[in-house]
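Residue strings, one per chain:
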Amino acid sequence: MKRIILYLVTTLAGALGSVSAQDIAVKSNLLSDVLLNPNVGVEIGLAPRWTLDVTGQLNAWDLSHDRRWKHWALQPEARYWFCDRFGGHFVGLHAHGGQFNIGGFDGRVNLFGTDARKLADTRYQGWFVGAGVAYGYAWVLGRHWNLEGEIGLGYSYTRYDRFRCAGCGKKTETGRSHHYVGPTKAAINLVYLF
């Protein structure tokens, strides 16, 4: 995983060396911000209708001894814009990966084969990888500002260890896996264009 991150950072740094005006954007997903998941995204123009978007999240919160919500995630996405880049309709192909440590929540949701109700009295710690497709639209607000909405569907493979409670260290399962198919991306991005 460290090699993948190093490769993406190197590729991004190389691309930044040759950008000009309206070729790069910095963004934040307001939906993630509301859920206390700090995030930042960078989008680089590759061709008149193609961009590369790389978004990352890091959440290191210990909400209390019995509630934990920690994770980091990286989601690169190649986008095709139907008109000019950074405005209007687009489709994307994304990959995602990261690690998590979550528990002590009553999720009250059982969707797409994932039972979040199990989070009430257990903690899960592990990693995930996957890919998906997305559709979005970007509204031009001004010369440097856009608002962007996006939804994506895809697949995630998860490998995890399960613990008895959020605050204790008693492991009850090791090396379990889970396959998820469903929404993999939801964003309302506030975008600043350089």
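Reading the values: rules and limits
- Residues numbered from 1 in each chain as written.
- Predicted model: local features only at pLDDT ≥ 70, side-chain atom pairs only at ≥ 80, totals over all residues.
- Heavy atoms only, no water.
- pLDDT = per-residue confidence, 0-100.
- Helix = DSSP H or I, 4+ residues; strand = E, 2+ residues; numbered from the N terminus.
- Contact = heavy atoms within 4.5 Å.
- Salt bridge = Lys/Arg side-chain N within 4 Å of Asp/Glu carboxyl O.
- Phe/Tyr/Trp six-rings, centres within 6.5 Å; stacked < 30°, edge-to-face > 60°.
- Lys NZ or Arg CZ within 6 Å of the ring centre and 35° of its normal.
- Pairing = 2+ DSSP bridges.

## Remarks on the confidence of the model for the protein chain
Then, number 1: In this model, the protein chain carries an average pLDDT of 86, and 78% of its residues clear a pLDDT of 70 or more.
Then, number 2: Within the protein chain, the lowest mean pLDDT, 55, falls on helix H1 (residues 2–16), and the highest, 98, falls on strand E1 (residues 24–29).
Then, number 3: For the stretch residues 16–21, pLDDT sits under 50, and the model shows four contacts to residues farther than four places along the chain or on other chains.

## Comments concerning the pattern of salt bridges
Then, number 1: Taken as a whole, this structure holds 15 salt bridges when the rule is applied.
Then, number 2: A salt bridge links Glu173 to Arg162, with the shortest nitrogen-to-oxygen separation between them at 3.6 Å. Note that Glu173 is positioned in strand E10 (residues 171–193) and Arg162 in strand E9 (residues 145–163), a separation of 11 residues in sequence.
Then, number 3: Across the pair Glu173 and Arg176 runs a salt bridge, and its minimum N-O distance is 2.6 Å.
Then, number 4: Each of Lys27, Glu43, Asp53, Glu77, Arg79, Glu148, Glu150 and Lys185 takes part in one network of salt bridges that share partners.

## What about the packing of aromatic side chains?
Aromatic rings considered in pairs are described by the distance between their centres and by the relative angle of their planes.
Then, number 1: Under the counting rule described, the total for this entry stands at 10 aromatic pairs.
Then, number 2: One aromatic cluster is present, formed by Trp50, Tyr80 and Phe82 through successive ring pairs.
Then, number 3: The ring centre of Phe163 lies 4.0 Å from the NZ or CZ of Arg123, which sits over that ring.

## Digging into the pairing of E9
Then, number 1: Relative to E9, strand E8 (residues 123–140) is paired through 18 bridges, and the arrangement is antiparallel. Its bridge partner being in E9, Val140 is matched across the sheet by Asn146.
Then, number 2: Between the antiparallel neighbours E8 and E9 lie four residues.
Then, number 3: Bridge count between E9 and E10: 18 bridges; the pairing is antiparallel. Looking at E10, one finds that Tyr160 is bridged to Arg176.

## With respect to unusual backbone geometry
Then, number 1: One non-glycine residue with positive phi stands out, namely Leu36, at about 60°.
Then, number 2: Mapped onto the elements of the fold, Leu36 is located in the loop between helix H2 (30–34) and strand E2 (39–47).
Then, number 3: In the Ramachandran plot, Phe86 falls in the positive-phi region, its phi being about 70° despite a non-glycine side chain.
Then, number 4: Relative to the helices and strands, Phe86 is located in the loop between strand E4 (67–81) and strand E5 (88–103).

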